[in-house]
Protein chains: 2
Amino acid sequence: MDRNFFEKTLERWEELAIRGLRTGEKAECDAPDVLERIIVAGMGGSGIVGDFLSDLANHYSWPFEVLSLKEDRIPFRPREGDLIFVVSYSGNTLETLSVFNQSCSASRCIIVTSGGELLFRSIASGKCSLRLSEGLLPRLDLPEILYSILSFLTSNYKIPNIKAESLDDSIVIFKEDLKHQVNELAKRFLISPPILIVSRPYFSVAIRLKNDLAENSKLYSSIEFLPEAAHNVVEALPYIGDPNRIFIVTGKYSWGNIYIEAFSKALNGKTGYIELKGDSLLQELIYGYRLSAYISLELSSLRGFNPCTTENIDKYKEELGRVLSH
Amino acid sequence: MDRNFFEKTLERWEELAIRGLRTGEKAECDAPDVLERIIVAGMGGSGIVGDFLSDLANHYSWPFEVLSLKEDRIPFRPREGDLIFVVSYSGNTLETLSVFNQSCSASRCIIVTSGGELLFRSIASGKCSLRLSEGLLPRLDLPEILYSILSFLTSNYKIPNIKAESLDDSIVIFKEDLKHQVNELAKRFLISPPILIVSRPYFSVAIRLKNDLAENSKLYSSIEFLPEAAHNVVEALPYIGDPNRIFIVTGKYSWGNIYIEAFSKALNGKTGYIELKGDSLLQELIYGYRLSAYISLELSSLRGFNPCTTENIDKYKEELGRVLSH
């Protein structure tokens, strides 16, 4: 697997989104009548869907809460109105299997996976699953993961501002040409690894970008969330030496965001911008994930890395498996 | 206000903790009979208490959830079993006042403040408050904020492993001598701004350290949370150029933490450590906050900054106030 495989899969993102849409629509899984909370458990590429749903829920004031969980257990006892999505593309993520074991006997869980141990256990215990396409890199099956869960939710619940038809409509964003923005940002990040400043409803885009830069380009970046960042790190940012590192993630819902504006003024406007495009928040978020993938792909070439291999993550997983098998 | 004022207040931390203890014990505030969730809303120095309670709740499997909220609104409708602590030392934090206005008419709220607009509004609306000492920097009244809330909770609820007497006992940690560790870490951070790696139950210490370094030393650092960090940034860390930047925050509950061990092995053990001391998790956390304060104080001198002034945060607050008053 190399840049070519990566690029080819990116070209399949629209198709993967449509597959996800159909999977979620058709799934007949047990879910609470009155949904009070969604808990999404998943690590890395499989975990980003929790942040994605959280951005949507927050922005559209969904009638249920969304909790994105990137740990090996749910730190409290789930309740009657909770629905847990246990997401692991490979089905072999040890932290996520641990959540499954600890939470899915007593609670309503839906498994999202392409196979592996998680699928095996979910079948053995009679749990419902949303099956993903096999043979991809976990982080590259993102559209299928996002759309399968989102379409399951819209098919089973009335969700303000996200109707089934608007899901179908959102697919056009996969055709948007990003080349110019990708080239410009990749060149800037090559010189100055970014400090990403982000405010709701775009948290998930910054998280995905940071992760893509790490996994695909082997580039370390960091994120600061507004408004909290304006109460601490804003004090240190003028002294980082390279002011070109600061980028604010913005979209059409950032206009008139008083926290971004006050933060930017406190830094005398010395900030770059990463602009998301699209007709709806859903489109802007997908645009952001695509932008992240392409920027990190471009940067992997500029820095001379294979975007598909992740030696250190593999080493971690191997070591964790070794310890747990004893 | 200068280093001298800062240092003098740090010497008062034990006294402030005891004041907090007494305030929390005596307070007669309306709270749910069956507490299902605590939501702590606060920014910067006033917000760290949410992370502190979250570390404790998670580690000791408290029978209620803890949510640390550093935003201008609660992103869902609070329920019957929720208790909201609205914390602003000054009482004039605009984001926190916004949470108060949006959430405290229909929900159970306890105000934690030294005065300002928040105290005024809480009195006007008949809300209960835990009053803090006046005339300090918000981030320097930390022990009073933590202990007042914690002692309110232990006085009103049965909380596993945190009994009232163990709160009193924990106070000895304020006498621990930190000088050697402070000097060593301050010198290392001066050369290499740290990337802090942290796992539960020490999240709040890393967050506090990052914030103290920014506010007091004007030094930008970043945090990575385990196990999630092992699924993305571990891939980029070997390429940051300066391997001396990586520090793992550990304490006695880190022994045998398989996620830390596998992460460290994936990096071939090339990591520094920040070791917390104490007889209990509570003591270790307090130790960590004291360590953060002293390291950032020492670094402020080494870097030639006044630890008390925060020009850019002040500019942000002024700008935000200006926009909101229009």
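Use the structure listed above.
Residue indices begin from 1 for each chain and proceed along its sequence in written order. Labels follow written order: the first chain is A, the first ligand is 1, and so on. Confidence filtering applies because this is a predicted model: local features only for residues at pLDDT of at least 70, side-chain atom pairs given and counted only at 80 or more, and all residues used for totals across whole chains, interfaces and linings. The basis for every side-chain value is the complete set of non-hydrogen atoms in the structure, without hydrogens or water.

1. Digging into the packing of aromatic side chains
Point 1. Side-chain rings of Phe, Tyr and Trp, where Trp is taken by its six-membered ring, are said to pair if the distance between their centres is within 6.5 Å; with planes under 30 degrees apart they count as stacked, over 60 as edge-to-face, and otherwise as tilted. Scanning the model with the defined rule gives 14 aromatic pairs over all chains in all.
Point 2. With centroids separated by 4.7 Å and ring planes inclined at 65 degrees, the aromatic side chains of A:Tyr239 and B:Phe305 adopt a geometry described as edge-to-face. Of this pair, A:Tyr239 sits in the loop between strand S7 (222–226) and strand S8 (246–250) while B:Phe305 is found in the loop between helix H11 (281–303) and helix H12 (311–324), placing the two residues in two different chains.
Point 3. On the basis of an interplanar angle of 55 degrees and a centroid distance of 5.4 Å, the ring pair of B:Trp62 and B:Phe64 is categorised as tilted. Like B:Trp62, the residue B:Phe64 is buried in the burial classification. What counts as a helix is a DSSP run of H or I of at least four residues, what counts as a strand is a run of E of at least two, and both are numbered from the N terminus. For the exposure calls, accessible area comes from a 1.4 Å probe over protein chains only, and a residue counts as buried if that area is under 20% of its type's maximum, exposed if over 50%, partly exposed in between.

2. Things to note about the pattern of salt bridges
Point 1. Whenever a carboxyl oxygen of Asp or Glu lies within 4 Å of a side-chain nitrogen of Lys or Arg, that contact is scored as a salt bridge. A full pass over the atoms with the stated rule returns 44 salt bridges over all chains.
Point 2. A salt bridge links A:Arg79 to B:Glu36; the shortest N-O distance between them is 3.5 Å. Residue A:Arg79 is located in the loop between strand S2 (65–69) and strand S3 (82–88), and its partner B:Glu36 is located in the loop between helix H2 (13–26) and strand S1 (37–41); the two belong to separate chains.
Point 3. A salt bridge links B:Arg22 to B:Asp168; its shortest N-O distance comes to 3.7 Å.

3. Overview of the state of the cysteines
Residues and elements named next belong to chain A.
Point 1. In this description, the term disulfide denotes a pair of cysteine sulfurs within 2.5 Å. All chains considered together, the criterion is met by four disulfides over all chains.
Point 2. One disulfide in the model links Cys29 with Cys128; its S-S distance is 1.9 Å. Every disulfide takes its handedness from the sign of the S-S torsion; for Cys29 and Cys128 that torsion is -60 degrees, giving left-handed. Here Cys128 lies in strand S5 (residues 128–131) and Cys29 lies in the loop between helix H2 (13–26) and strand S1 (37–41), a separation of 99 residues in the sequence.
Point 3. Residue Cys29 is classed as buried on the basis of its relative accessible area, which comes to 10%.

4. Some details on empty space enclosed by the protein
Residue and element names in this part refer to chain A.
Point 1. Of the grid points, spaced at 1 Å and generated over the protein atoms alone, those admitting a 1.4 Å probe that cannot get out make up cavities, while open sets with protein on both sides within 12 Å along at least five of seven lines make up pockets; any residue with an atom within 4 Å of a point is treated as lining. Grid points are joined across faces, edges and corners, and a volume is the space filled by probe spheres set on the points. One pass over the full model with this rule turns up three cavities of 30 Å³ or more.
Point 2. Of the volumes computed, that of the second largest cavity is approximately 40 Å³.
Point 3. Lining the second largest cavity, in full, are Val205, Leu209, Val249, Ile274, Leu276, Gly288, Leu291, Ser292 and Ile295.
Point 4. Counting residues per element, the ones that place at least two in the lining of the second largest cavity are helix H9 (203–217) and helix H11 (281–302).

5. Thoughts on the relation of the copies chain A and chain B
Both copies of the chain are placed relative to one another by a rotation about an axis and a shift along it.
Point 1. In superposing the copies, a least-squares fit is computed on C-alpha atoms, taking residues whose pLDDT is at least 70 in both. Superposing chain A onto chain B requires a rotation of 180 degrees together with a translation of 0.0 Å along the rotation axis, leaving an RMSD of 0.0 Å. Read as a symmetry element, the transformation amounts to a two-fold axis. By C-alpha distance to the rotation axis, the residue of chain A lying nearest is A:Ser222, at 3.3 Å.
Point 2. Both copies present the same face, since 100% of the interface residues in chain A are matched by interface residues at the equivalent positions in chain B. Contacts: residue pairs with any heavy atoms within 4.5 Å of one another.

6. Some remarks on the interface of chain A and chain B
Point 1. Contacts between the two partners involve 64 residues from chain A and, on the opposite side, 64 residues from chain B.
Point 2. Buried area is calculated as the accessible area (1.4 Å probe) missing from two parts once they are joined, with the contributions of both summed. The junction of chain A with chain B conceals about 5800 Å² of combined surface from both sides, 57% of it contributed by carbon and sulfur atoms.
Point 3. When the area that chain A buries against chain B is broken down by residue, the three leading residues are A:Tyr220, A:His231 and A:Glu235, summing to 14%.
Point 4. Taken together, the links from chain A to chain B amount to twelve salt bridges.

7. Section: the sheet that holds strand S7 (residues 222–225) of chain B
Residues and elements named next belong to chain B.
Point 1. If DSSP finds at least two bridges between two strands, the strands pair. Pairing within the open sheet is parallel, and its four strands lie in the order S7-S6-S8-S9. Of all strands in the sheet, those bounded by a partner on one side alone are S7 and strand S9 (272–275). Strand-to-strand, the axes of this sheet are offset by a mean angle of 30 degrees, without reference to chain direction.
Point 2. Strand direction decides the pairing type here: strand S8 (residues 246–250) and S9, joined by four bridges, are parallel. Bridge assignment links Ile248 to a residue of S9, and that residue is Tyr273. Axes, fitted as lines to C-alpha atoms, cover a helix only where it is in contact. Angles between the N-to-C directions of the axes lie from 0 to 180 degrees.

8. A word on H11(A)
Residue and element names in this part refer to chain A.
Point 1. Over its 22 residues, H11 extends 31 Å from the first C-alpha to the last, a length consistent with the 32 Å expected when each residue adds 1.5 Å.
Point 2. Across the 22 residues that make up H11, a large majority, 18, are buried.
Point 3. Within two residues after H11, Gly304 carries a phi angle of roughly 75 degrees, on the positive side. An expected span of 1.5 Å times one less than the residue number is assigned to each helix.

9. Observations regarding the sheet that holds S1(A)
Residues and elements named next belong to chain A.
Point 1. Spatially, five strands are ordered S2-S1-S3-S4-S5 in an open sheet, and the strand pairing comes out parallel. Single-partner strands in this sheet number two, and they are S2 and S5. Within the sheet, the average angular offset between the axes of one strand and its neighbour, ignoring direction, is 20 degrees.
Point 2. Across four bridges, strand S4 (residues 109–113) lies against S5 in parallel orientation. By the bridge assignment for S5, Thr113 is matched with Arg131.
Point 3. Packed onto the sheet, helix H3 (residues 44–60) meets S1, S2 and S3 and runs at close to 155 degrees relative to S2.

10. Thoughts on the layout of surface pockets
All names here are of chain B.
Point 1. Its boundaries defined by the atoms lining it, the largest pocket holds a volume of some 550 Å³.
Point 2. Residue lining of the largest pocket: 23 residues in total, with Ile74, Phe76, Arg77, Pro78 and Arg79 positioned closest to the centre.
Point 3. Of the residues belonging to the lining of the largest pocket, the class tally is ten nonpolar, five polar and eight charged. Three categories are distinguished: nonpolar for Ala, Val, Leu, Ile, Met, Phe, Trp, Tyr, Cys and Pro, charged for Asp, Glu, Lys and Arg, and polar for the others, with Gly belonging to the last.

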